[in-house]
Each structure stands twice: as C-alpha cells, then as structure tokens.
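Commentary on secondary and tertiary structure
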Amino acid sequence: MFGSQLANKTPSPFVVHNWRSDVVTIGHAPSSMVEEATRGMVCDKEWPAQLNRLIWEKRKELHDRSDGSLPPLVISVGQVVPHEGE
C-alpha cells in the first residue's frame, strides 16, 4: 500500500503518540551489553527496553485471550528515535 491508499485506510494505521509519556518499560538490556554496544562509552548502566504502550497493551490482551502461544513479535528499531520538536 502506498500514498493515498495508506493515508485513507480505515482504521488508520497511524498513531499519534508522545514518545515521552506513551511508552512502557518492558525490561532492560544488561549493562555488559550496553558497554559492548557503545564501545565503552556507557559503562555500568542498564538500558531500558521500551515499547509504545498501545503495542504492549494489545500484545498482553492477545496473550490473555489465547492459549499462551502467540506468534513472535517482530519490532524494527532502526528508525525509532525521538523525532518530535522540542
């Protein structure tokens, strides 16, 4: 789907979000992983693994309604950076 097809889809696939308050911490990357990934620039600090609250709540809802065997959740994190103006 491209352009106007995607923009006019109902319900909209787009979610207006506030990256500062619409997230939930679901775990932490261990400090050893953070230190290795940053080549030592960040030491002795766990890093929070956070998801948009809507994704996490929907996943929990699906889990609660199923037999506990959900397909894997694939998340692309490459472009997930703060992008709203200050």
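**Here we look at the overall build of the chain**
Helix and strand counts for the chain stand at 3 helices and 2 strands. Counting from the amino terminus, helix and strand elements in the chain follow one another as α-β-α-β-α. Every one of the 86 residues in the chain was classed for burial, and the buried ones make up 5%. In the chain, once contacts between residues fewer than 6 apart in sequence are set aside, the share between residues at least 24 apart is 46%. On the chain, roughly 7,500 Å² of surface is accessible, and the fraction owed to carbon and sulfur atoms is 58%.

**Here we look at the pattern of salt bridges**
Summed over the entire model, instances satisfying the criterion amount to 1 salt bridge. One salt bridge connects K58 with E61, and the closest N-O pair in it is separated by 3.8 Å. One end of the pair is K58 and the other is E61, both in helix 3 (residues 53–65) and 3 residues apart, which spans about a single turn. Judged by relative accessible area, E61 falls into the partly exposed class, the value being 36%.

**Considering the confidence of the model for the chain**
In this model, the chain carries a mean pLDDT of 80, and residues with pLDDT of at least 70 account for 83%. Confidence scores differ between elements of the chain, with helix 1 (residues 3–7) showing the lowest mean pLDDT of 73 and helix 2 (residues 31–37) the highest of 94.

**Quick look at the environment of A49**
Mapped onto the elements of the fold, A49 is located in strand 2 (residues 47–52). Take A49: its relative accessible area is 32%, and that puts it in the partly exposed class. Here the alpha-carbon distance between A49 and H28, two residues 21 residues apart in the chain, equals 5.1 Å. If we skip the residues at most four places from it in the chain, A49 touches V24, T25, I26, G27 and H28.

**Looking at the side chain of N52**
Summarising the element assignment, N52 is placed in strand 2. Judged by relative accessible area, N52 falls into the buried class, the value being 19%. In terms of polar contacts, N52 uses its side chain to reach the backbone amide nitrogen of L54, at 2.8 Å. Apart from the residues within four sequence positions on either side, N52 is in contact with H17, D22 and V23.

**Description of unusual backbone geometry**
Not every positive phi belongs to a glycine, and R39 is a case in point at roughly 55 degrees. Inspection of the secondary structure puts R39 in the loop between helix 2 and strand 2. At D44, a residue that is not glycine, the phi angle is positive and equals roughly 50 degrees.

Rules of the game
Residues numbered from 1 in each chain as written. Predicted model: local features only at pLDDT ≥ 70, side-chain atom pairs only at ≥ 80, totals over all residues. Heavy atoms only, no water. Helix = DSSP H or I, 4+ residues; strand = E, 2+ residues; numbered from the N terminus. Buried < 20%, exposed > 50% of the residue type's maximum accessible area, 1.4 Å probe, protein only. Contact = heavy atoms within 4.5 Å. Areas by Shrake-Rupley, 256 points an atom, 1.4 Å probe, with all protein chains shown as cover. Salt bridge = Lys/Arg side-chain N within 4 Å of Asp/Glu carboxyl O. pLDDT = per-residue confidence, 0-100. Polar contact = N/O pair within 3.5 Å; in protein donor to acceptor, adjacent residues only side chain to side chain.

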